[in-house]
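One-letter residues, chain by chain:
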Amino acid sequence: MTVEETNLKDCFVIIPNVIKDNRGYFFESFNKAQFETKTGIVANFIQDNQSQSSKGVLRGLHFQVGTFSQAKLVRVIQGKVLDVCVDLRKKSPTFGKHFSLILDAVEHKQLYIPKGFAHGFLVLENDTIFSYKCDNYYNKHSERGIIYNDKALDIDWGFPEEDLILSEKDKRLPTLRAYLNE
Ligand SMILES: Cc1cn([C@H]2C[C@H](O)[C@@H](COP(=O)(O)OP(=O)(O)O[C@H]3O[C@@H](C)C(=O)[C@@H](O)[C@H]3O)O2)c(=O)[nH]c1=O
C-alpha cells in the first residue's frame with residue numbers, strides 16, 4: 001500500500017496494492033502493521049459499517065463529539081462517491097478547510113479521517129456500497145453534523161442541487177457558524 005498526505009494534517013489517502021489475475025483481483029483492505037508504519041497513526045478500529053445508496057444520495061456532513069469522537073477509514077466496495085472531510089479541530093491550522101476525492105471500486109482508494117473531522121459523501125453511481133472502519137462505537141447522543149452546502153465551507157459537490165437525496169435529519173443540519181454558536 002502507498003500512503004499520500006492531503007492538505008489536511010493527519011488525514012491520509014491510502015492506495016492499496018491491487019493484484020490482478022485471470023480470476024479477478026485481490027488486495028489487503030486493511031493491514032494494521034502497515035497502516036501504522038506508513039501513516040504513523042496507531043489505529044484501534046472497533047466498528048465496521050456498510051451502507052448502500054442510489055446515485056444522488058448525499059450522506060453528511062457527520063461526526064460524533066466528546067468521548068465518542070471517531071476516526072474513520074472509508075472506502076467504496078461497489079460504485080463511486082465523491083468523499084469529503086472537513087477539519088473541525090479548532091486549534092488546527094486547517095480548521096474549516098476540506099479535502100475531497102473520488103472513491104470507487106476501480107482504484108479502491110481509502111481515506112483515513114482523524115477524530116475531530118466531519119465527513120460526508122455524494123453517491124455518483126446507483127447501487128453504491130460504502131464501507132468504513134471506526135475507532136469508536138456509534139452513540140446516538142454524540143451525533144452532530146454540518147449542512148453540506150454551508151457557504152463558509154465552499155465544497156464543490158459538482159452535482160445539481162435539485163437532484164440530491166438527503167435524509168430529513170441531514171436537511172436540517174446547521175451551518176458551521178451556527179453549530180459553533182450553539
Ligand atoms: C452511523 C450509525 C447509524 N446507525 C443507525 C441510525 C439510523 O437508524 C440508521 C441510519 O443512520 P444515519 O442516517 O445516521 O446513516 P448515515 O447517514 O449513513 O450516517 C453515516 O454517514 C457518514 C457520512 C458517516 O461519516 C458515518 O459516520 C455516519 O454518520 O442507522 C447505527 O445503528 N449505527 C451507526 O454506527
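About the thresholds
- Residues numbered from 1 in each chain as written.
- Predicted model: local features only at pLDDT ≥ 70, side-chain atom pairs only at ≥ 80, totals over all residues.
- Helix = DSSP H or I, 4+ residues; strand = E, 2+ residues; numbered from the N terminus.
- Buried ≥ 20, exposed ≤ 12 C-beta atoms within 10 Å, placed from the backbone.
- Core = buried A, V, L, I, M, F, W, Y, C linked by C-beta atoms within 7 Å.
- Contact = placed C-beta atoms within 7 Å.
- Pairing = 2+ DSSP bridges.
- Axes fitted to C-alpha atoms, helices over the stretch in contact; angles between N-to-C directions.
- Near = placed C-beta within 6 Å.
- Nonpolar A, V, L, I, M, F, W, Y, C, P; charged D, E, K, R; others polar.
- UniProt positions renumbered as here; feature names shortened; annotations may be inferred.

Draft legend 1. Just unusual backbone geometry, in detail. The residue after Gly60, namely Leu61, is reached through a cis peptide bond having omega 0 degrees. For Asp10, which is not a glycine, the phi torsion comes out positive at approximately 70 degrees. Turning to its location among the elements, Asp10 is positioned in the loop between strand S1 (2-5) and strand S2 (12-15). For Asp10, a count of 20 C-beta atoms within 10 Å translates into the label buried. The backbone phi angle of Asp154 is positive, close to 55 degrees, even though this residue is not glycine. As for its position among the elements, Asp154 is in the loop between strand S13 (143-145) and helix H2 (168-171). The class of Asp154 is exposed, set by 10 C-beta atoms lying within 10 Å.

Draft legend 2. Quick peek at the nonpolar core. Ranked by internal contacts, the top residues of the largest apolar core, which has 34 residues, are Val81, Cys85, Val86, Ile113, Phe117 and Ala118. Those residues in contact with Ala118 that lie beyond four places of it in its chain are Gly60, Leu61, His62, Phe63, Cys85, Val86, Leu88 and Ile146.

Draft legend 3. Representation of the sheet that holds strand S12 (residues 128-134) in the model. Spatial ordering of the open sheet is given by S1-S2-S10-S7-S12-S5, a layout of 6 strands whose pairing is antiparallel. Each having just a single partner strand, S1 and strand S5 (47-53) make up the two edges of the open sheet. The mean inter-strand angle of the sheet, taken between neighbouring strand axes irrespective of direction, is 25 degrees. One ladder, built from 6 bridges, connects strand S7 (residues 72-78) with S12; its direction is antiparallel. Bridging across to S12, Arg75 finds its partner in Ser131.

Draft legend 4. Representation of the sheet that holds strand S11 (residues 117-123). Ordered in space as S9-S8-S11-S6-S13, the 5 strands form an open sheet in which the pairing is antiparallel. One side of each edge strand has no neighbouring strand; the edge strands of this open sheet are strand S9 (98-104) and S13. Recorded for the sheet is a direction-independent mean angle of 25 degrees between the axes of neighbouring strands. Bridge count for strand S8 (residues 80-87) against S9 is 7 bridges, and the pairing is antiparallel. Counted as the bridge partner of Lys80 is Asp104 from S9.

Draft legend 5. Representation of the site of the ligand. Around the ligand, the neighbouring residues are Asn49, Ser51, Arg59, Gly60, His62, His119, Gly120, Phe121, Tyr138 and Ser167. When residues of the shell around the ligand are traced back to their parent elements, those giving at least two are S5, strand S6 (58-64) and S11. A per-class count over the shell around the ligand returns 2 nonpolar, 7 polar and 1 charged.

Draft legend 6. Structural context of the UniProt feature "active site" (unreviewed entry) in the chain. Mapped onto the present numbering, the UniProt feature "active site" (unreviewed entry) falls on His62 and Tyr132. Sequence-wise these annotated residues cover 71 residues; spatially they are packed, their C-alpha atoms never more than 13.5 Å apart. Its location among the elements puts His62 in strand S6. By the C-beta count within 10 Å, which is 19 here, His62 ends up partly exposed. Summarising the element assignment, Tyr132 is placed in strand S12. When the 22 C-beta atoms within 10 Å are taken as the criterion, Tyr132 is described as buried. Ignoring sequence-local partners within four residues, the contact set of Tyr132 consists of Asn49, Lys72, Leu73, Val74 and Arg75.

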